Amino acid sequence: GLETLSIRMQAHSANALALAQWLEQHPAVVKVNYCGLPSHPQHELAKQQQKLFGGVLSFEVKGGREEAWQVVDATRMISITANLGDTKTTITHPATTTHGRLSDEDRARAGIADGLLRVAVGLESVADIQRDLARGLDALMG
């Protein structure tokens, strides 16, 4: 409930930042979208407007749809769903779920590439989240 919202958002944000930093270094990842990263084009604006950067990020894997689904399918702990805001980490492939009804051109204009995955980072150990994603990401490299 509302009594624990502040501390939960702190944990979501801290986990998301740590995960985004880790993903940014992974060789199977092309791009990470998280305004808490200095590499984000609106990072400076975000720092002026907010104290925390939230628990949702997206990242694009090398390849495309097939490679993105390989990462999703390799997860064991992360829930595969389009839901947001849970205490448990979730992952979804926007091009075939939340944005699946858009044309290819509209998805491209919105930055929804076939290799894009969205993660709503939960309250689990960030090391556990990384290990779960690494199963699929590392397989793309080998």
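Now for a look at the structure at hand.

This brings us to the side chain of Gln 130. Tracing the backbone through its elements, the reader meets Gln 130 in helix α5 (residues 126-141). Using a relative accessible area of 17% as the deciding quantity, one classes Gln 130 as buried. Apart from the residues within four sequence positions on either side, Gln 130 is in contact with Ala 18, Leu 19 and Trp 22.

Its place among the elements puts Asp 132 in helix α5. Once residues lying within four places of it in the same chain are set aside, the contact partners of Asp 132 are Ala 74, Thr 75, Arg 76, Met 77 and Ile 78.

Among the nonpolar cores identified, the biggest contains 26 residues, and Leu 23, Leu 57, Phe 59, Leu 133 and Leu 137 are the most heavily contacted of them. At the level of elements, α1 (5-25), β1 (29-33), β2 (56-61), α3 (65-74), β5 (116-120) and α5 are the ones that each hand at least two residues to this core. Looking at this core element by element, the count peaks at 4 residues for α1. Ignoring sequence-local partners within four residues, the contact set of Leu 137 consists of Trp 22, Leu 23, His 26, Ala 28, Val 29, Phe 59, Val 61 and Val 71.

The interhelical angle for the contact between α3 and α5, taken along N-to-C directions, is 145°, at an axis separation of 7 Å. The hand of the α3/α5 crossing is right-handed. Across the interface between the two elements, Glu 67, Gln 70, Val 71 and Ala 74 of α3 pack against Asp 132, Leu 133, Arg 135, Gly 136, Leu 137 and Leu 140 of α5. Taken together, the residues of the contact of α3 with α5 sort by class into 5 nonpolar, 2 polar and 3 charged.

Counted under the stated rule, the structure contains 6 salt bridges. We note a salt bridge from Arg 109 to Asp 106, for which the minimum N-O separation is 2.2 Å. Placement of the pair is Arg 109 and Asp 106 together in helix α4 (residues 104-109), with a separation of 3 residues, close to one helical turn. On the accessibility criterion, Arg 109 (64% relative accessible area) is exposed. Between Arg 131 and Asp 128 there is a salt bridge whose closest N-O contact spans 2.4 Å. In this pair, Arg 131 and Asp 128 both sit in helix α5, 3 residues apart, roughly one turn of the helix.

What counts and what doesn't
Residues numbered from 1 in each chain as written. Predicted model: local features only at pLDDT ≥ 70, side-chain atom pairs only at ≥ 80, totals over all residues. Heavy atoms only, no water. Helix = DSSP H or I, 4+ residues; strand = E, 2+ residues; numbered from the N terminus. Buried < 20%, exposed > 50% of the residue type's maximum accessible area, 1.4 Å probe, protein only. Contact = heavy atoms within 4.5 Å. Core = buried A, V, L, I, M, F, W, Y, C linked by side-chain atoms within 4.5 Å. Axes fitted to C-alpha atoms, helices over the stretch in contact; angles between N-to-C directions. Left-handed = near helix turned anticlockwise from the far one by under 90°. Nonpolar A, V, L, I, M, F, W, Y, C, P; charged D, E, K, R; others polar. Salt bridge = Lys/Arg side-chain N within 4 Å of Asp/Glu carboxyl O.

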